[in-house]
Amino acid sequence: MRFIRPISLQASSIILDVRSLEEYQAEELKLPHFHKTLHDLDPLEFIRENNVDKDKTINIICASGARASQAAEMFERAGFNNVAVVIGGLVEAEYEGVEIVRH
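Analysis parameters
Residues numbered from 1 in each chain as written. Predicted model: local features only at pLDDT ≥ 70, side-chain atom pairs only at ≥ 80, totals over all residues. Heavy atoms only, no water. Helix = DSSP H or I, 4+ residues; strand = E, 2+ residues; numbered from the N terminus. Expected span 1.5 Å × (residues − 1). Buried < 20%, exposed > 50% of the residue type's maximum accessible area, 1.4 Å probe, protein only. Core = buried A, V, L, I, M, F, W, Y, C linked by side-chain atoms within 4.5 Å. Polar contact = N/O pair within 3.5 Å; in protein donor to acceptor, adjacent residues only side chain to side chain.

1. Examining helix α3 (residues 66–77)
Residues lying three or four places apart along an α-helix face the same way, a consequence of the helix completing one turn every 3.6 residues. End to end, α3 covers 17 Å across twelve residues, agreeing with the expected 16 Å (1.5 Å per residue, within 8%). By the burial criterion, the buried members of α3 are Ala68, Ser69, Ala71, Ala72, Met74 and Phe75. Backbone geometry just after α3 places glycine 79 at a positive phi near 95°.

2. Quick look at the nonpolar core
Within the largest apolar cluster, 19 residues are counted, with the highest numbers of intra-cluster contacts made by Val18, Leu41, Ile58, Ile60 and Phe75. Looking at this core, the elements that each hand over two or more residues are β2 (14–17), α2 (43–49), β5 (58–61), α3 and β6 (83–86). Ranked by the residues each element gives to this core, the list is headed by α3, at five residues. Ile15, Leu31, Leu90 and Val98 belong to the second largest nonpolar core, which has twelve residues in total.

3. Description of the side chain of threonine 37
Position of threonine 37 among the secondary structure elements: in the loop between β4 (34–35) and α2. What makes threonine 37 buried here is its relative accessible area of 15%. Here aspartate 40 takes part through its side chain, which lies 3.0 Å from a polar atom of the side chain of threonine 37.

Here it is as structure tokens:
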């Protein structure tokens, strides 16, 4: 499992937000991303449904990093090791200047 800083995220990055629906409905990254709650996440289904290339890194974000780490472990147990946890989650992303959309 790798870790990246939020400022490293780009529009071309594969980003998966694993926060709760309530959190997601309140605010989200402005960058293109996917949302699937940690509770509803099936890594193999996510890869299949979204045609994720195994050579591409899935960057996983949550509020602060704990759930993203759990999701990364789920992907690794499913045999997909190309995952990165976004350090500090949305809190750190906003601090580093990554645009957040509030609803």
